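Coordinates in review
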Amino acid sequence: MIRFPGRLLLLSLSLCFPGCAPDFYQAENLSAKPFNQLDLAGNACGPAALLNSYRFGKPQWRKLSETPPGLSDRQRIRSIARGPAMRESSSLPGRARWSRNGINLSDLRDVANEIAQPHMLPAISEETLFLNAGESQGAFLLRVRSRLVRSLGTGFPPVLSIRRFVKRNGQWIAIQGHFVTITSVPGAIASSQTSFPVKYIDPWGGNFGEGIIQINGNSFMGNDPAKNPNLQAAFPRTVVGKRLVRRDEETVLAVSAVLGRF
């Protein structure tokens, strides 16, 4: 409340002092149109998710989704899929990075860095998101959130690798993987929280989505939920692998890795 002679003004102020966290870390260019992998192919989620990170990021990254000028979205996805993504894989020698099965995270990282290098942009890193020895599920959740926050804070919306698992014949098996681009993460969460909300772009259809990254309270890949190796992605609009799940099979959409600036 500030008092001036003859009148009273009520001001609603949102103050953030140095070191305090914003309510949300968000991608800078949220008014943009997402890239849709289906403009090219069903296995083009990697190139499309990467282009969404560029288009929705800060201007220095955004220019990578606009160079060369005059291309359609389909042509831009194709220029990656048929360009740097067709070079030999460093993780699968003798094979192209992109194939009928898509592209793995390490090869997508290499593609991203080859595209960025001529523009003198910093390198993109990858990290597999598995529970560390001696780490609690709560600390794991905070660590995953911190990676997403750090990349968003630098202006590069991170690419999240998610993977559908099913329990089949008594064993957990991965049936399909996918990439999405994270556009919003809470600025802070309590150490006692078991989940946090995110907003993301699913390149399958080029849709905006909202979901939750959470601790899985059920056992996964073992008998002790406290030792579950992955967090769970509760992304209701993301259909990755659902058509491959048989009736009555237990399934988990796991958060498996991230590509970003951290």
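**Some words on the nonpolar core**
- Residues Leu 50, Tyr 54, Trp 61 and Phe 179 are the most contacted members of the largest nonpolar core, which totals 31 residues.
- Counting residues per element, the ones that place at least two in this core are helix H1 (45–55), helix H3 (73–81), helix H4 (105–116) and strand E10 (250–260).
- Within the second largest apolar cluster, 29 residues are counted, among which are Leu 129, Ile 182, Phe 196 and Ile 201.

**Concerning H4**
- For H4, which comprises twelve residues, the first-to-last C-alpha distance of 16 Å matches the rise-based estimate of 16 Å (1.5 Å per residue) to within 8%.
- Among all positions of H4, only Leu 105, Asp 107, Leu 108, Asp 110, Val 111, Ala 112, Ile 115 and Ala 116 are buried.
- Capping of H4 at its N-terminal end is provided by Asn 104; its side-chain oxygen lies 3.2 Å from the backbone amide nitrogen of Ser 106.

**Description of the packing of H1 against H3**
- Remark: H1 packs on H3, axes separated minimally by 9 Å, with the N-to-C direction vectors making an angle of 115°. The chirality of how H1 crosses H3 is right-handed. Residue-level inspection shows Pro 47, Ala 48, Leu 51 and Arg 55 of H1 in contact with H3, the latter providing Asp 73, Arg 76, Ile 77, Ile 80 and Ala 81.
- Each residue belonging to the contact of H1 with H3 can be placed in one class, and the counts come to six nonpolar, no polar and three charged.

**Regarding the packing of aromatic side chains**
- Going through the model one piece at a time under the given rule, you end up with seven aromatic pairs.
- Summarising the aromatic geometry, the rings of Tyr 54 and Trp 61 are spaced 6.2 Å apart at their centres and angled 0° between planes, so their arrangement reads as stacked.
- On the accessibility criterion, Tyr 54 (1% relative accessible area) is buried.
- Measuring from ring centre to ring centre gives 4.4 Å for Tyr 200 and Phe 235, while their planes differ by 20°; the resulting arrangement is stacked. Placement of Tyr 200 in strand E7 (residues 195–202) and of Phe 235 in the loop between strand E9 (231–234) and E10 is noted, with a sequence separation of 35 residues between them. Of the two residues examined, Tyr 200 and Phe 235, each falls in the buried class.
- Through pairs of rings, three or more aromatic residues link up here, namely Tyr 54, Trp 61 and Phe 156.
- The ring of Phe 35 carries Arg 55 above its face, with NZ or CZ at 3.8 Å from the centroid.

**A look at the pairing of strand E8 (residues 207–214)**
- Alignment of E7 against E8, held across eight bridges, turns out to be antiparallel. Directly across from Phe 196, in E8, lies its bridge partner Ile 213.
- In sequence, E7 turns back onto E8 through a hairpin of four residues, with Gly 205 there showing a positive phi of about 95°.
- In this structure, E8 lies alongside E9, joined through three bridges in antiparallel fashion. Across the sheet, Ile 212 pairs through a bridge with Ala 234, a residue of E9.

What counts and how
Residues numbered from 1 in each chain as written. Predicted model: local features only at pLDDT ≥ 70, side-chain atom pairs only at ≥ 80, totals over all residues. Heavy atoms only, no water. Core = buried A, V, L, I, M, F, W, Y, C linked by side-chain atoms within 4.5 Å. Buried < 20%, exposed > 50% of the residue type's maximum accessible area, 1.4 Å probe, protein only. Helix = DSSP H or I, 4+ residues; strand = E, 2+ residues; numbered from the N terminus. Expected span 1.5 Å × (residues − 1). Polar contact = N/O pair within 3.5 Å; in protein donor to acceptor, adjacent residues only side chain to side chain. Axes fitted to C-alpha atoms, helices over the stretch in contact; angles between N-to-C directions. Left-handed = near helix turned anticlockwise from the far one by under 90°. Contact = heavy atoms within 4.5 Å. Nonpolar A, V, L, I, M, F, W, Y, C, P; charged D, E, K, R; others polar. Phe/Tyr/Trp six-rings, centres within 6.5 Å; stacked < 30°, edge-to-face > 60°. Lys NZ or Arg CZ within 6 Å of the ring centre and 35° of its normal. Pairing = 2+ DSSP bridges.

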